[in-house]
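Residue-level structural notes
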Amino acid sequence: MAVYAIYSYEIQEGNRSLFYKKTGKKAIDMANEIVSNLLKDGLTFIGKKRKVDHPLMNRHFVGRDDVFAWELCNEKDKILLEGHERNLVPEHPGSYVIVDNRPDVCQIAIEKNSAFGPDTDKVVKYLKRSFKEHLIEYGLKMVIKRKWQAANFKDIIRDRIIKQKDSVKRVVWEFPNPDRVKGIDATKQMKDRLRGLMLFTQASNAIKGKLTLTGSKKMPIDVDDDKIEDWAMIMALSAQNDYKLSYYFYNSSVVNFKDVADAFASIDDRIIKEFESGQLIHKGEVTTYELIERLDDIRKQIADYDQEKIVDDGE
């Protein structure tokens, strides 16, 4: 079973608000459709070989229900021996790339193998470069960020409070303006509960805002996410979208999401092959693809939230 590095991406509006074709809609409001169309049209990704640009090969590209999967192939020289002669023959090892472009998801999974070396960020650079060249026409840009394991963050916080008898004096959280950023990975309930925080950010036309909560030694901040649902939501949003969340303590150093583990997950090759062939599964009354089910499971595991605790309450 292959291991994947998990990323999130946002589409951000640039300095000018451009409109999409002749629809009269702002380009930022059509961000997911624009990304889907670029992928469907056969977006070319440019890699590096001996520091020289060269187009990378895509194999088995397929897109279903706004989820896209393909093999992105590197180009390497393999030594072929014929007697004493050493001949260099090009080979094209591949890594699976999965782009989940569903609205309010915007997640990327990159297979971690030897095709591009151990650093999946190299593949991210290739993706960003190609999207940048096309999105700039719409006044948009793509920002790709690592996802983090919320459970690791919670363990550190609880260890400080319970075992080290420390307390939280300040929490600082940065959050986006949803009018100027598309691709926020969140349930409807999360967005509704945090809407009030975002209103001033929207009114001021800022890209992002900041929430600072301050306590005292006599009255330290209660950060128990089991009791206070908003903490669970903030942690989930931060893990899924790489938002800056920092906890400042009285007797120990600050802790933020950059101090915890990168998010990795496993995906069986069989699931991708069945997605390629269009094989569906039945889950209750819903018919879907097992790959999409797995991607949703990964999001929940990363955010470390309880389905029964945080649910969509929309229509």
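These numbers were taken from a predicted model, which means no experiment stands behind them. (Residues numbered from 1 in each chain as written. Predicted model: local features only at pLDDT ≥ 70, side-chain atom pairs only at ≥ 80, totals over all residues. Heavy atoms only, no water.)

Some words on the overall build of the protein
Helix and strand content of the protein: 7 helices and 18 strands. A compact globule built from 315 residues would reach a C-alpha radius of gyration of about 20 Å, and the protein, at 22 Å, matches this within 12%. For the protein, the proportion of its 315 residues judged to be buried stands at 48%. Once local pairs closer than 6 in sequence are excluded, the contacts in the protein between residues at least 24 apart make up 70%. Summed over its atoms, the accessible surface of the protein is roughly 16,300 Å², and 49% of this surface lies on carbon and sulfur atoms. (Helix = DSSP H or I, 4+ residues; strand = E, 2+ residues; numbered from the N terminus. Rg over C-alpha atoms; globule rule 2.2 N^0.38 Å. Buried < 20%, exposed > 50% of the residue type's maximum accessible area, 1.4 Å probe, protein only. Contact = heavy atoms within 4.5 Å. Areas by Shrake-Rupley, 256 points an atom, 1.4 Å probe, with all protein chains shown as cover.)

Re the packing of aromatic side chains
Applying the stated criterion across every chain yields a total of 10 aromatic pairs. Relative to F257, the ring of F153 lies with its centre 4.3 Å away and its plane at 10°, an arrangement referred to as stacked. Remark: F257 occurs in the loop between β15 (255-256) and β16 (264-267) and F153 occurs in helix α3 (residues 150-163); sequence separation between them is 104 residues. Under the relative-accessibility criterion, F153 is labelled buried at 0%. Residue classification places F257 among the buried residues on the basis of a relative accessible area of 2%. (Phe/Tyr/Trp six-rings, centres within 6.5 Å; stacked < 30°, edge-to-face > 60°.)

Things to note about the side chain of R146
Within the secondary structure layout, R146 lies in strand β10 (residues 140-146). The residues touching R146, leaving out its near neighbours within four places in the chain, are A5, I6, Y7, T120, D121, D242, D262, A263 and F264.

Here we look at helix α1 (residues 31-40)
The element α1 is extensively covered by neighbouring structure, given that 7 of its 10 residues are classed as buried. Positive phi shows up at G42, right after α1, with a value of about 90°.

Re the nonpolar core
Ranked by size, the top nonpolar core spans 51 residues in total, and within it Y4, I98, F153, L245, Y247, I267 and L291 carry the most contacts. Residues within four places of I267 in sequence aside, it is in contact with M1, A2, Y4, I98, A109, I272, L291, R294, L295 and I298. In terms of nonpolar packing, the next biggest core, distinct from the first, is built from 35 residues, A5, M30, I110 and V124 among them. (Core = buried A, V, L, I, M, F, W, Y, C linked by side-chain atoms within 4.5 Å.)

Let's talk about a positive patch on the surface
On the surface, a cluster of positive charge is contributed by K76, K122, K125, K128 and K132. Looking at the element boundaries, K122 is found in helix α2 (residues 121-135). The exposure class assigned to K122 is partly exposed, which follows from its relative accessible area of 35%. (Patch = residues over 30% accessible without salt bridge, like charges linked within 9 Å, V, L, I, M, F, W, Y side chains within 5 Å. Salt bridge = Lys/Arg side-chain N within 4 Å of Asp/Glu carboxyl O. Lys, Arg positive; Asp, Glu negative; His and termini not counted. Charge placed at Lys NZ, Arg CZ, Asp CG, Glu CD.)

Some words on the pattern of salt bridges
Tallied over the full model, the rule gives 26 salt bridges. Note that R158 is salt-bridged to D226, the shortest N-O span being 3.5 Å. Note that R158 is positioned in helix α3 and D226 in the loop between β13 (208-214) and α5 (229-241), a separation of 68 residues in sequence. Within this structure, D100, R102, K147, D185, D296 and R299 form a network of salt bridges that share partners.

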